[in-house]
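# Fold and contact review
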Amino acid sequence: VQLQASGGGLVQAGGSLKLSCAASGGTFSMYGMGWFRQAPGKEREFVATIGWGTYYADSVKGRFTISRDNAKNTVYLQMNSLKPEDTAVYYCAADHSPTYSGSVYPDYWGQGTLVTVSS
């Protein structure tokens, strides 16, 4: 499975961004899909996943929304009310389990896309 993320950029605090991740090489509708992020000097952390259900990190609940379009083999992350602490490289993820919750690292990673939130 190949994953291509896009949509990162620079935004002011309180603003919004929408990330996209296009997948190829597998049966997209059968995969659990998700997003992780890694801030400078920190470990990569779970953000959100979508499969048979959706799961969110507490830090983004109510602000971020994960969705997917199986016809386009694409997963999205709508990020609203962004905060400087959301600044990180965001990574798209795919897992063979459709019930993937993000509690462990996935089977596949995409390249990252940088999100910078200025105060």
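Reference entry: report on the structure contained in this document. (Residues numbered from 1 in each chain as written. Predicted model: local features only at pLDDT ≥ 70, side-chain atom pairs only at ≥ 80, totals over all residues. Heavy atoms only, no water.)

The next subject is the overall build of the protein chain. Per the secondary structure count, the protein chain includes zero helices and 10 strands. Mapped from its N terminus to its C terminus, the protein chain presents α and β elements in the order β-β-β-β-β-β-β-β-β-β. Taking 119 residues into account, the globule formula puts the C-alpha radius of gyration at 14 Å, and the protein chain, at 13 Å, falls close to it. In terms of overall dimensions, the protein chain has a C-alpha envelope of 40 × 25 × 25 Å along the principal axes. Carbon and sulfur atoms make up 50% of the accessible area of the protein chain, which totals about 5,900 Å². (Helix = DSSP H or I, 4+ residues; strand = E, 2+ residues; numbered from the N terminus. Rg over C-alpha atoms; globule rule 2.2 N^0.38 Å. Areas by Shrake-Rupley, 256 points an atom, 1.4 Å probe, with all protein chains shown as cover.)

Moving on: the sheet that holds strand E5 (residues 45-50). In spatial order, the strands read E2-E10-E9-E4-E5-E6; together these six strands make up an open sheet with mixed pairing. Strands at the two margins of the open sheet, each flanked by one partner only, are strand E2 (9-12) and strand E6 (54-56). For this sheet, the mean inter-axis angle between neighbouring strands, taken without regard to orientation, is 25°. Here E5 runs beside E6; their pairing, made up of three bridges, is antiparallel. Opposite Ile 50, over in E6, you have Thr 54 as the bridge partner. (Pairing = 2+ DSSP bridges. Axes fitted to C-alpha atoms, helices over the stretch in contact; angles between N-to-C directions.)

Here strand E9 (residues 88-95) lies mainly inside the structure; seven of its eight residues are buried. Bridge count between strand E4 (residues 32-38) and E9: seven bridges; the pairing is antiparallel. If you follow Phe 36 over to E9, its bridge partner there is Tyr 91. Note: E9 against strand E10 (residues 108-118), six bridges, orientation antiparallel. (Buried < 20%, exposed > 50% of the residue type's maximum accessible area, 1.4 Å probe, protein only.)

A full pass over the atoms with the stated rule returns one disulfide. Disulfide pairing places Cys 21 opposite Cys 92 at an S-S distance of 2.0 Å. Disulfide Cys 21-Cys 92: torsion about the S-S bond near -85°, hence left-handed. Of this pair, Cys 21 sits in strand E3 (residues 17-24) while Cys 92 is found in strand E9, placing the two residues 71 residues apart along the sequence. By relative accessible area, which is 0% here, Cys 92 ends up buried. (Disulfide = S-S within 2.5 Å.)

Looking now at the packing of aromatic side chains. Scanning the model with the defined rule gives six aromatic pairs in all. When the centroid spacing of 6.3 Å and the interplanar angle of 75° are considered together, the rings of Tyr 31 and Tyr 108 count as edge-to-face. Taken as a pair, Tyr 31 in the loop between E3 and E4 and Tyr 108 in strand E10 lie far apart in primary sequence, 77 residues in all. According to the relative accessible area criterion, Tyr 31 is buried, its value standing at 11%. (Phe/Tyr/Trp six-rings, centres within 6.5 Å; stacked < 30°, edge-to-face > 60°.)

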